[in-house]
Every structure is written in structure tokens, then in C-alpha cells.
4 protein chains.
Amino acid sequence: MTGHRITGVVPPVLTPFTADGEIDLPSLERLVTRMIEAGVDGLFALGSSSETAYLDDSRRVAVLEAVMGIAAGRVPVLAGVIETQLERVLTQVRVAERLGAAGVVATAPFYAITGPDETEAHFRGIAAATDLPVWAYDIPVCTHLKLGADLLVRLGAEGVLTGVKDSSGDDVGFRRLAMKNRAAGEPLSLLTGHEVVVDGAYLAGAHGSVPGLGNVDPAGYVRMHRAARDEDWVTVRAEQDRLAALFEIVFVPGDKVGTTAGIGAFKTALRHLGVIETNVMSPPMVVLNDDHARRIGAICDAVAVGAVASA
Amino acid sequence: MTGHRITGVVPPVLTPFTADGEIDLPSLERLVTRMIEAGVDGLFALGSSSETAYLDDSRRVAVLEAVMGIAAGRVPVLAGVIETQLERVLTQVRVAERLGAAGVVATAPFYAITGPDETEAHFRGIAAATDLPVWAYDIPVCTHLKLGADLLVRLGAEGVLTGVKDSSGDDVGFRRLAMKNRAAGEPLSLLTGHEVVVDGAYLAGAHGSVPGLGNVDPAGYVRMHRAARDEDWVTVRAEQDRLAALFEIVFVPGDKVGTTAGIGAFKTALRHLGVIETNVMSPPMVVLNDDHARRIGAICDAVAVGAVASA
Amino acid sequence: MTGHRITGVVPPVLTPFTADGEIDLPSLERLVTRMIEAGVDGLFALGSSSETAYLDDSRRVAVLEAVMGIAAGRVPVLAGVIETQLERVLTQVRVAERLGAAGVVATAPFYAITGPDETEAHFRGIAAATDLPVWAYDIPVCTHLKLGADLLVRLGAEGVLTGVKDSSGDDVGFRRLAMKNRAAGEPLSLLTGHEVVVDGAYLAGAHGSVPGLGNVDPAGYVRMHRAARDEDWVTVRAEQDRLAALFEIVFVPGDKVGTTAGIGAFKTALRHLGVIETNVMSPPMVVLNDDHARRIGAICDAVAVGAVASA
Amino acid sequence: MTGHRITGVVPPVLTPFTADGEIDLPSLERLVTRMIEAGVDGLFALGSSSETAYLDDSRRVAVLEAVMGIAAGRVPVLAGVIETQLERVLTQVRVAERLGAAGVVATAPFYAITGPDETEAHFRGIAAATDLPVWAYDIPVCTHLKLGADLLVRLGAEGVLTGVKDSSGDDVGFRRLAMKNRAAGEPLSLLTGHEVVVDGAYLAGAHGSVPGLGNVDPAGYVRMHRAARDEDWVTVRAEQDRLAALFEIVFVPGDKVGTTAGIGAFKTALRHLGVIETNVMSPPMVVLNDDHARRIGAICDAVAVGAVASA
């Protein structure tokens, strides 16, 4: 599948755990299969929503191997190579190559403080070291650095980058990225990571989405994508409004922040839907409680997420 | 006009200056008249784009008076009351009342550090002191404080706020605001200030826009608004793409930041179009140079802004 | 007193209010007199701690007039001219000139977004418009812009600036400022605004302090200053440790932020000490409650602040 | 050495590279030996200044092994275990245990977004998994999270933490940390990482320093520490002023940011002093050029850093 342009719905795959904190392969199989059957266009393993930052190297390998095995070539699988700097990224790239991923997704450097020159050299260094397509993952809330539209399009035009996963929360920047990408002949595939404004991103020029919430309701994102392709904007908006209402599950644990709230809510919803076994997260993340679960279940029921979703 | 719900295109009115730095009333008259004739639904005087932060009290009065006089009741005029804290805001509110503005637009407190309780008390204090409709102006890039959707909708439902001008750059937050506003019976009129993603904001539920770029191309924003009202999304997108291409003028002075680049580019474009006399800005802002002007003019010509635009 | 170099302890003067929210002149008189009698070297009226951001223009005039009158030439009085931009700052400068202040203290521009060129032009514009000495007030927590050491020393060497009040919370930056100032022949008087690390600032090269806590315990800051001048660092440290213990009063209202906590705690301590009548603050700031007051009083007693402090 | 309280000068050891980018063991041996002979009290391997974020796991092992071997028990060696989250940190802790480090130094979680509960559980999880003393590394410029004084002292009092390396740039916070630590019976050893304000940190209560610049001039930091211990503050200040003048080397590459400028300058100075062979850094960091080197050399000469420093 390598080399093909990936567009459409490419959810970041959650990592289900057993009550003992082990990777729960049967749950992972149900999760991935349900997304593929719902019609997603690809999968993104080892993204932020996969709890990658919490997994040691051996568990990262196990997760990627499992997702690749379950997908079994039905859809392309992108592999996150989330690491602080070039040398450490390349260690992860070797794993992705060995397991046959359809591409790698790398963030800007983080922890160590680098500037524009180093950021550009970082992506060039990755591309120079692999034949896999390289995606830039723009996620300043984690890396604390925004990737500029000019840099991204330039690297796209040169064949260094094949696409961008935009989780920057900067819709003005995304519009400019899409505009410059079009002017350059669309070298980049542009996917948005923001679950509740995918409709606006489609108007701006997105080629698809990487929605964490797509683990919970893949069929909704597939329907929205097809409607956008067909220029049926009334349906796009209606589907987006429904998914935005569903996304409120992440605000249920109002006393929790970031990863705990977001991934915790997704896992709790999937347990409610019978897709995965537990809502356990990697330590030191706190597991959501019964009260959270009850309210999250109620939201899922209210917006009618099918337990076995189909597009 | 007070009390009527204001929706649609409500540009923040620039403040033209003569070469000597005086308020240029003939230019202001041409500017305002052109926007009204293009079909805008209202005007926002003394906003950030009016260089309000640069004007002393007497010039603020002169500007508001002039805009009210030119509008002459043809469209409602909202008055910015941008000040650090309640007592100082109320001084500005008295002026707006005296001159007959259709509402006042207030930011969160700034400079002094305040929290959620003080922010809420700030807006309640304004509303308690005037019969004018009160709009919240969410502009964290200036105030360094984001207004929460729950607070805004609650104050809307209680009649404290009548609307929101959202310049927060947070499209996820705007979707949630629109969603909560609908659930509460739409007490708030929601206008977006982000010129290049108005289309997505319409999908999310915006009732209109407050585009600084609307000074340069009011007809474009009016066409986009009407197309959105008619659910003609292909036209909405096409118009937005054209306006986003025009917005590139603000990136021409790449060595300048913020206000100088944005307002400087708008003024330079308007001079190119023959609407205003000079591109002078308030000191200590640096005036854009001839090279900037040439490139800004070229962009205007390329996207075909009419010198005398009509909707 | 104008033109003399001001060093030593220069507290920012709080603005006491009556229960009705009016300026409480008798309390202000006691407050100012107590500081002068404790041996302070100057007073800073209309600073952040004076609630300047909360006062309308007429109250600003009243406060400055009152402080000048009470000081009656015994110590120099600096006047804050805290406003968003040049033109508005100059309006405040005129007042300071008329009332005979010994200098004006201006922040970087705020609210409107400006860059280094505009910041430099801002300070130059102030100095060009007045014969009063101009102090730069570096307070990024309010202005969201850090003043650079190179700019400050350059403006000092040119006679544009006469001193810096550093409330930047950047001790590394302050050391570099002091080092560059020495290399340039000490054109600037450097005063730190951070109550609990004045000792380190003295080692780094500070010429004095502008401590809000100096309203509560002026004698302590005067003793510390004299010990530093005498190179008696064991006394400096002991006094600083005692004042740092006293500063814990600002963390008592743990559920409050910024101005409310800081100024609220100072006022509550001064009421406990019998210096001012109430702990009322400008709306919309919330007044500290009885439980806060009890704990603040206990801290004051524990560190032995004299009701009528003397150096 | 495990279990002993470490105080004094504990430089973070740079990682020298050959022209080919391999770890340069002879240079590392000279660097470490010179610091030990200058009288440092310990060494911190695999810190930020060691380019740890740039080294893959095998190189991290090689570096720690080499530093341990060269130190050969003469001074204790702390090992950085800088990783995104608990599970990944523990992988690094196992290496530190195996090689016999005197303690591990862990930051707050980074990349993934966590809150206070997770941060506390993170440090508890590390301490529960090892018998090595655990140091908290407070470096918000890299982790984007400030560790609170109350949490640190509480974990110190419970025996979870043994010390803090403070690179927070928050001197007010450091004073409060030292004050609370004293009130709790000094459970924590407090070391500052800010090269130019170590003197103020000593006054505030620091037990020592972790200066990156200590690679370049270890003798100066040792002299300053001994003078502080002897309460000879005039010498402390003079030494600090000299070291602050030396620190200006990091501002020479003014067009470079963060790691490249800081570590690049240190390496370039050490090459000038004949201690290490090259100033090569890990890709994608850009190596400083000849002009930088000339100016850095001149600063070293001006402040008289001895090629073979001795205390």
C-alpha cells in the first residue's frame, strides 16, 4: 500500500488494556475490525491517542505488530514515530519499516529546544533515512512548536513529506496551509485531527481526518467524509453536529486534564458499547470512575452510536 | 435600532488618518459609505482594528461620533468600550450611550490579573450600568484570557450578554459555544472575527462575521453571508477562498508584527483602491513602505476587489 | 527632586478605599506617613499595586494628588503612566507633570500587539514629550512582553530612560541587565519589584526595590537595603527570609488569583495592623473574607511586623 | 555512594563527539577528569546538557557507562532518566541501577498532557520501583510544566524524593521551595541549574548548583560554593560576576536558539581550551562556525578560564 496517497478517515487507534494493564489483543481486534467494517480509509497506530508516550519500546512494537496483523492489508496503517529527536525517531522508523507500515508520522522535535533550521533538518533527516512516506504531525499542545505552512508545503513539493496530520488547533493556519498546498499542486495530503470541526476543515481543503473520536463512532466520520466528497454540506453539518454532541464525553471528567480526560472518555465509551473490555489506561493516568462512566454512557445513547456501527 | 438582534456582516471600522496624523473624516466617510452600500448589516466602531488602543479619549469620542454620523441610522453601530477594568469601561459606556450606539462591545479585563469570578462580575457590572445591549469580545491574543463557552451562554440566557464577537482563534471552542447556545435557545448572536475561516464558522453556527478585511472587500463578505443563509456552500467556499487569497496582504510586511502588519496592510490596500487617502497609522506604529504597497496592490488586483464594491 | 537619581526602597503605594468604595484619604495618609517614617527613599504612585488599572482618570488624578500632598517633598514620588499606547500614556504624563511628580513609570505597550521597533519608539516618544525622567516598567505578567536588556541599556545610555522597575520574574535577565548597565557606566537605576528575592537582586546589582509588601513592612525593606549597602549579607539574608515568610500572606486566599490575592492580602494585613480602615478593593475584585483575614493576621503577628514600624 | 546526601557543585556532563559524530571517549575523559580535579562534588550524566534527548538508548548506555568509569567512585554520578512517562522512565532507571549510579534525575512527564495527580503518581511510581535516590528535575522550558513547592517538599518529607534540580527560571518559586524545605526539616537537597544567579540561590537556601557552564569553568563554581559555605559573600559575588561574564558565550550565536546556542557555545569554549576535540553536536543541531568560535574564544580569554582549572 506504500506510496499510495492516503486520504479520508484515518482514526488513531486506541490501545486497550486488560484489568492487569496488559495489552488487550481481543479488544484491540474488535476495535480495529469495527473501524475497518465501518469503512475507514486507513489506521494510524502509535499516535498520541494510542498512549504512545506511555509505552516502552517493546510495547510499542507489540501494538504496531498487532494492528498490522488485524488490518491484514485491508487498509493502510500509518505508524507514529513519536520521539524527541532525529536519532531516536530513526530507531522507531526501523520498526515501522520492518513491520511494513504504509508510512511514518513524526512530530517536530520536543523536549530539547530547537529552531526552524533544526526542525527542517529533522524532517529531512527522517526522509533521507527511509523509503517510507513521511507525514508531519503538527501538535503544538504536545511539542510546543507550531509547524509553518511555508515549510510544510516546501517539504511536500520536494518529496520530503507526503502529508500532514494537523492537530494544531489553528484553523486560520490550516486554511493557509491548504491554500498554499493547492498553489503548489497539492503535494500534501492534509488530514485534520480536530473531531468537532472536520466540516470546516473540509471546506478549507482537508482531504480527510484523523479523529480520536473515530474509535467510538467510525461510521459517523465515514458518512461525513462521503457527504463532503459529494458536496452534500447539509449532511456534513448534521453529521458533524451529532459528532460534536458525542465529543462532549471528553468534558465529563471535568476535574481531569488532557490525556486522562480524552482517552479515558473514549475508552469508557467503547466499554459501554461493548467494543473493548476495560477503560484502563497506562499509569500514571487515573482511570475514570463509575459516575463518569454513567454520564458518558448516557451521552453515547443520546446521540445513538451503534454498538456495531456500519457506514 | 437598539434591542434588535444584529447578525450578518459587521465590519470593524478602520480609522483613517491624514499625513499629519489627524483623523481623516472624508476618508472615513468614503470607507463607511462604501461598506454600507455593499450591504453590510452593521458597523463596529472603536474595535481593535480601529486602533482604539492607540487613541486617547477625545479621539475615541471623535471617531465614534463621526461613524455614527455617517451611518445616520442606515445600519446599527456597535461601540467598542475597550478598557482594562470595569470603572474605566463604564466611562466609555457613557460615551456610547450619549452618542446613541446600538450596543457596546467589551473585552475581558486586561493588564490587571483577574480570574473567572472577576471576569463574570466585570460583564455583570457593565450590563447593570447600562440599557445598551452588551457584547463580549473574546480576543485572548490581546487580553490573554479566553472566555469560556459555559460562562458566555449562561450570561446570554440571563440577558446580561446579547452576543459574542469571537476572535479567539479557537474553532473547537467556537463550535462548543454555538452548540451550547443552540441548546439554550440561541440567546446570543455569534459573530466570528477570523477573516479566512468564516465559512467553517457558518457551518458551526455563526450568525455573521466581524471581518477587518471587510473594510477592504465588504461585498465579498456580504455575498458569502447571503450564500450561507441560502445553504449554497459551493459559493460560500469559493468566496471564502477568494477572500483568503486577499488576506495574504497582511503577510506582506513579514518583518512587522501584529497591528502594524494587519491594519497597515488593510490601510495600504484601501489607499490602493482609492478609498482612503493615506496608510498612516497611530504612532508608534511604523507605516508600510512603497515595496509593501506595490505587493499589496498586486494582490488586490489579482483577486479583483472592486474599487467601488457592490453586493 | 526631579533629576536626582532615585535608589533604595520605593514602595508602590496601595490605594485604600472606604467601605463605600471611595478613596480613603485618612488611611492613605497613615499609610504614606508610616512608610516615610520607616525611611523609604521614594514612593511609586499609580503602579499596578495601586489598582491603577481599575481607576478611571479622575480617580487617578485624585490619588496622585493625595500622595504628592502627603509626601510634601520629603521623598520623591514617581507616577505610573500605565496605558495601552503612546498617545494615551502622554495624557497621563501631562497629569504627572502638572502635579510635580519626580518621574514617570511606563510599561511596554499592551493590548495592541507591537514588536521591538514599536516598543522602542514608544519609550522614545514618551521621553521626547516630557522633561520628567522616564522609567521603564518591565512587567510581562501584565503586558505579555519582556523588555530586553540591550534595548534598556541603550536607551539608558542615550538618556531616554533613567531607570527600570523590574517585575519580570526573570532573574537571569536581571543579572544580564545589571552587567550590561555596569559596562555602560550605570546610566540606569535598577529597582526590583520581587519582594522575596531582593537579596539576590542586590548581589546581582540592584540599586533598590519597589516592593508591594513594603506597604506592610517598610522598615524591613529599609533595614535590608542598608545592610546590603554595608555588605552585611548575613543581615540581608535574615531580613529577606523574614519578609519572605511575611509574603506568604498572598497565598492565603488560595482560591483567588493575581491582583485579588496580592493586593487583597496587603490591604487585609494593613487593616490588621491598624494602618488602613478596610480591605475593600476596586470592583470587580472580590474582598477577602474573615477566614482569610484571621490567617493573614496570624502570619503578620508571627513575623512581628510592627504596627508603627521604624527603621 | 548511594544514600549519601549530595550537595555542592554537580555539573551536567556534556557529551563530546568526534568529527564523525561518534562519542569521543578521550575528550570525555579529559572533560570529566578536569571537573573532578577542580573539586566538583558530583557529576550529572544524561542531563539536558548531555544532549540526552538526541541520543538513542544504546548511546545513552554508552555515555553513562563511560562517565561512571572515568569517575571511578571519586565523586557520585547522578543519571538522568529523561523520558515522556513512567514506563519509559523505568526502562532508563534499570540502566542506571545496573551501572551503579548514585541516583536518578527525572523530569515531570512531557509530551502527553498530564495534571497534578499524574505528576505526583509519576514520581511515586519511580521511587516505588527503585532503591536509588530520586531527584526531581524542574525544567518547564522543556517539559512545559512547573513543579510546585508544596508537592516537592511533601514528596521529600515522605522519602519519595531526595533532591531537586531547579532549572525553572523562577527565583520566587525557588525561595518558597527553600523556605518550605527548611520548615520541613530540610528533606531535600536543592541544586540550582541557572549559571548566572547561583549567588542569589545560595542566599535563598540552595545547597549547590548544577551548572552547564561548570563544564567550561568548574573551578569557578567550586570557589563560589566554598565562599558561600564560608559566608564570604563578597567573593561569592565577584566569582558569580566573572562567571556571568563568561556565560555571555551562549549569546554569541544570536541567530541560533536553545540547545544549539547553549551546548554549542560550551563545546566551542572547551575546544578553545583544549579540553575536547570538536564542537560537533548531535544532528539536527547546527555546529557553530569559525566566527562564533573566535568570539567565544575571546570571551574565555577575557575572563581568564584556566585550560587546566584548579580550585
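Residues numbered from 1 in each chain as written. Chains lettered and ligands numbered in written order. Predicted model: local features only at pLDDT ≥ 70, side-chain atom pairs only at ≥ 80, totals over all residues. Heavy atoms only, no water.

Colleague: Just to check I follow, could you spell out the overall build of chain A for this structure?
Modeller: Looking only at helices and strands, chain A has 12 helices and 8 strands in total. The C-alpha radius of gyration computed for chain A amounts to 18 Å, which stays within 12% of the reference 19 Å derived for 311 residues, consistent with globular compactness. C-alpha extents for chain A along the principal axes are approximately 50 × 45 × 40 Å. Going through the 311 residues of chain A one by one, you find that 68% of them count as buried. Within chain A, residue pairs in contact and separated by at least 24 positions form 73% of the contacts whose partners lie at least 6 positions apart. Each charge class in chain A can be summarised by its mean position, and for the 27 positive and 38 negative side chains these summaries are 2 Å apart. (Helix = DSSP H or I, 4+ residues; strand = E, 2+ residues; numbered from the N terminus. Rg over C-alpha atoms; globule rule 2.2 N^0.38 Å. Buried < 20%, exposed > 50% of the residue type's maximum accessible area, 1.4 Å probe, protein only. Contact = heavy atoms within 4.5 Å. Lys, Arg positive; Asp, Glu negative; His and termini not counted. Charge placed at Lys NZ, Arg CZ, Asp CG, Glu CD.)

Colleague: How do you make sense of the sheet that holds strand S5 (residues 134–138) of chain A when you look at a structure like this?
Modeller: Pairing between the strands of a sheet is mediated by backbone hydrogen bonds and can be parallel or antiparallel. Residues and elements named next belong to chain A. The sheet built from 8 strands is open, its strands ordered S1-S8-S7-S6-S5-S4-S3-S2 with parallel pairing. Only two strands of the sheet have a single partner each, and these edge strands are strand S1 (8–9) and strand S2 (43–45). Pairing analysis gives 4 bridges linking strand S6 (residues 163–166) to strand S7 (residues 189–192), with the strands arranged parallel. The residue of S7 that forms the bridge with Lys-165 is Leu-191. (Pairing = 2+ DSSP bridges.)

Colleague: Just checking my understanding: could you explain the nonpolar core for this structure?
Modeller: Leu43(A), Leu43(B), Leu43(C) and Leu43(D) are the most contacted members of the largest nonpolar core, which has 468 residues in total. The residues touching Leu43(D), leaving out its near neighbours within four places in the chain, are Val10(D), Pro11(D), Val13(D), Val32(D), Met35(D), Ile36(D), Val67(D), Ala71(D), Val75(D), Pro76(D), Val77(D) and Leu78(D). (Core = buried A, V, L, I, M, F, W, Y, C linked by side-chain atoms within 4.5 Å.)

Colleague: Is there a simple way to explain the interface of chain A and chain D in this structure?
Modeller: Reports of interface size often rely on the accessible area that becomes lost once the parts have come together. Across the boundary between the two partners, chain A contributes 44 residues, which contact 43 residues of chain D. Taking both partners together, chain A and chain D bury about 3,500 Å²; carbon and sulfur atoms supply 57% of that area. For the interface between chain A and chain D, the tally reads 6 salt bridges. Counting every contact that joins chain A to chain D gives 17 residue pairs in polar contact (both at pLDDT 80 or more). Listed by contribution, the elements that provide at least two residues to the side of chain A that touches chain D are helix H2 (57–71), helix H3 (86–99), helix H4 (116–128), helix H5 (140–143) and helix H11 (258–272) of chain A. Broken down by element, the side of chain A that touches chain D gets its largest block of residues, 5 residues, from H3(A). Among the residues making up the side of chain A that touches chain D, the classes are represented as 19 nonpolar, 15 polar and 10 charged. (Buried area = accessible area lost by both parts, 1.4 Å probe. Salt bridge = Lys/Arg side-chain N within 4 Å of Asp/Glu carboxyl O. Polar contact = N/O pair within 3.5 Å; in protein donor to acceptor, adjacent residues only side chain to side chain. Nonpolar A, V, L, I, M, F, W, Y, C, P; charged D, E, K, R; others polar.)

Colleague: Looking at this structure, how should I read the pairing of strand S6 (residues 163–166) of chain B?
Modeller: Two faces make up the sheet, and in a regular strand the side chains alternate between them. Residues and elements named next belong to chain B. The side-chain alternation of S6 yields two buried faces, one formed by Gly-163 and Lys-165 and the other by Val-164 and Asp-166. Relative to S6, strand S5 (residues 134–138) runs parallel, the two sharing 4 bridges. If you follow Tyr-137 over to S6, its bridge partner there is Lys-165. As for the winding sense of the linkage, the β-α-β connection from S6 through helix H7 (residues 171–183) to strand S7 (residues 189–192) is right-handed. (Right-handed = clockwise from strand over helix to strand, strands pointing away.)

Colleague: What is the right way to look at the relation of the copies chain A and chain D in this model?
Modeller: Least-squares fitting of chain A to chain D yields an RMSD of 0.0 Å, with the superposition described by an axial translation of 0.0 Å and a rotation of 180°. Both chain copies can therefore be described as sitting about a two-fold axis. Here 98% of the interface residues in chain A have copies in chain D that are interface residues too; the copies meet face to matching face. (Least-squares fit on C-alpha atoms with pLDDT ≥ 70 in both.)

Colleague: Explanation requested: the packing of aromatic side chains in the structure shown.
Modeller: Tallied over the entire structure, the rule returns 14 aromatic pairs over all chains. For the pair Phe44(B) and Tyr137(B), a centre-to-centre distance of 5.7 Å together with 75° between the ring planes defines the contact as edge-to-face. One end of the pair, Phe44(B), is in strand S2 (residues 43–45); the other, Tyr137(B), is in strand S5, with 93 residues separating them in the sequence. Each member of the pair, Phe44(B) together with Tyr137(B), is buried. Among the aromatic residues, ring-to-ring pairing joins Phe110(A), Tyr111(A), Phe110(D) and Tyr111(D) into one connected group. Note that Arg176(B) overlies the ring of Phe251(A), its terminal NZ or CZ placed 3.2 Å from the centroid. (Phe/Tyr/Trp six-rings, centres within 6.5 Å; stacked < 30°, edge-to-face > 60°. Lys NZ or Arg CZ within 6 Å of the ring centre and 35° of its normal.)

Colleague: Could you clarify how one ought to interpret the interface of chain B and chain A in this entry?
Modeller: Contacts between the two partners involve 24 residues from chain B, matched on the other side by 24 residues from chain A. Together, the buried faces of chain B and chain A total about 2,400 Å²; carbon and sulfur atoms form 57% of this surface. Across the contact surface, chain B and chain A share 12 salt bridges. Across the pair Asp241(A) and Arg182(B) runs a salt bridge, and its minimum N-O distance is 3.5 Å. Inspection of the region where chain B meets chain A yields 10 residue pairs in polar contact (both at pLDDT 80 or more). Counting only elements with at least two residues in the side of chain B that touches chain A, the list comes to H7, helix H8 (198–204) and helix H10 (233–247) of chain B.

Colleague: Mind showing me how you'd approach the arrangement of the chains here?
Modeller: There is a gap between chain A and chain C: no contact, and a shortest C-alpha distance of 15 Å. Chain B shows no contact with chain D. Their nearest C-alpha atoms sit 15 Å apart.

Colleague: Quick question: what am I supposed to make of unusual backbone geometry here?
Modeller: Among all residues except glycine, the phi angle is most often negative; among peptide bonds, the trans geometry is most common. The peptide bond linking Pro283(A) to Pro284(A) adopts the cis configuration, its omega dihedral lying at 5°. Mapped onto the secondary structure, Pro284(A) falls in the loop between H11 and helix H12 (290–302). Despite not being glycine, His144(A) has its phi angle at roughly 65°, a positive value. You can see His144(A) is positioned in the loop between H5 and helix H6 (149–157). Judged by relative accessible area, which is 39%, His144(A) ranks as partly exposed. In this structure, Glu231(B) takes a positive phi of about 60° despite not being glycine.

Colleague: Would you mind going over the sheet that holds S5(B) with me for this structure?
Modeller: Residues and elements named next belong to chain B. A sheet is described by the order of its strands in space; here 8 strands give the open sequence S1-S8-S7-S6-S5-S4-S3-S2, paired in parallel fashion. Strands with a single pairing partner mark the edges of an open sheet, and in this sheet they are strand S1 (8–9) and S2. Where S7 meets strand S8 (residues 208–209), 2 bridges bridge the pair, whose relative direction is parallel. Across the sheet, Leu-191 pairs through a bridge with Gly-208, a residue of S8.

Colleague: Is there a simple way to explain the relation of the copies chain B and chain A in this structure?
Modeller: Note on the copies: chain B fits chain A at an RMSD of 0.0 Å, the axial shift is 0.0 Å, and the rotation between them is 180°. Both copies contact each other with a shared surface, as 100% of the interface residues of chain B are interface residues in chain A too.

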